[in-house]
Amino acid sequence: MQLDDLYRQVIMDHYQKPRNQGTLSEDAISVDLRNPSCGDEIFLQLMVEDGIVKDVRFRGSGCSISMSSASMMTEAIKGKPVDDALKLSQSFRKMMLGHEVDLDELGELEALHGVAKFPARIKCATLAWQALERATAATGDKN
């Protein structure tokens, strides 16, 4: 199996069986974003305690890239300090812009690196990450 095939499988697995999909309680930090160029939508909720992402959930609709990225992001940030989640977001954005990044740090998110070749799809891949950045800004826990 070629690496690109493996990446496609990872993306489709997260699209067909999204992780952390759903909603949290009303006291969760909530962000609702839409990509007007393609119609992708995401509703992201975070529970942050003592600077740690204790739980994260999302609902949304959109292409496989957008929804897979959201699913992978929730798995990557759950249980991590907010600062680490934001550093991961910065690394992910750099990867989407074609810059060198530590792929080991990104883990499964590396599967989305090919999106950088398609500028119109970068917004799809980064929508959930934009929601994360807005949500963490709302927590006041950015240290």
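Our subject is the structure listed above.
Not measured: the values here are computed from a predicted model. (Residues numbered from 1 in each chain as written. Predicted model: local features only at pLDDT ≥ 70, side-chain atom pairs only at ≥ 80, totals over all residues. Heavy atoms only, no water.)

Draft legend 1. Inspection of helix 5 (residues 119-139) at higher detail. For helix 5, with 21 residues, the first-to-last C-alpha span of 31 Å sits near the 30 Å given by 1.5 Å per residue. Within helix 5, the full set of buried residues consists of Ile122, Cys124, Ala125, Thr126, Leu127, Ala128, Trp129, Ala131, Leu132, Ala135, Thr136 and Thr139. Close packing links the buried residues of helix 5 with strand 1 (29-34), strand 2 (41-49), helix 2 (64-77) and helix 3 (82-96). (Helix = DSSP H or I, 4+ residues; strand = E, 2+ residues; numbered from the N terminus. Expected span 1.5 Å × (residues − 1). Buried < 20%, exposed > 50% of the residue type's maximum accessible area, 1.4 Å probe, protein only. Contact = heavy atoms within 4.5 Å.)

Draft legend 2. Highlighting the pattern of salt bridges. Tallied over the full model, the rule gives eight salt bridges. Across the pair Arg8 and Asp5 runs a salt bridge whose closest N-O atoms are separated by 2.8 Å. Residue Arg8 and its partner Asp5 are located together in helix 1 (residues 3-16), separated by three residues, close to a single helical turn. For Asp55, the salt bridge goes to Lys78, with nearest N and O atoms at 3.3 Å. Residue Asp55 is found in strand 3 (residues 52-61), and its partner Lys78 is found in the loop between helix 2 and helix 3; the two are separated by 23 residues along the sequence. When its relative accessible area of 32% is taken as the criterion, Lys78 is described as partly exposed. (Salt bridge = Lys/Arg side-chain N within 4 Å of Asp/Glu carboxyl O.)

Draft legend 3. Inspection of the nonpolar core at higher detail. Within the largest apolar cluster, 43 residues are counted, with the highest numbers of intra-cluster contacts made by Leu46, Ile77, Phe92 and Leu112. Here the element with the most residues in this core is helix 5; it accounts for nine residues. Non-local contacts of Phe92, meaning those with residues more than four positions away in its chain, are made with Ser69, Leu106, Leu109, Leu112, Ala125, Thr126 and Trp129. (Core = buried A, V, L, I, M, F, W, Y, C linked by side-chain atoms within 4.5 Å.)

So far we have only geometry, and geometry alone does not tell us how the molecule works.
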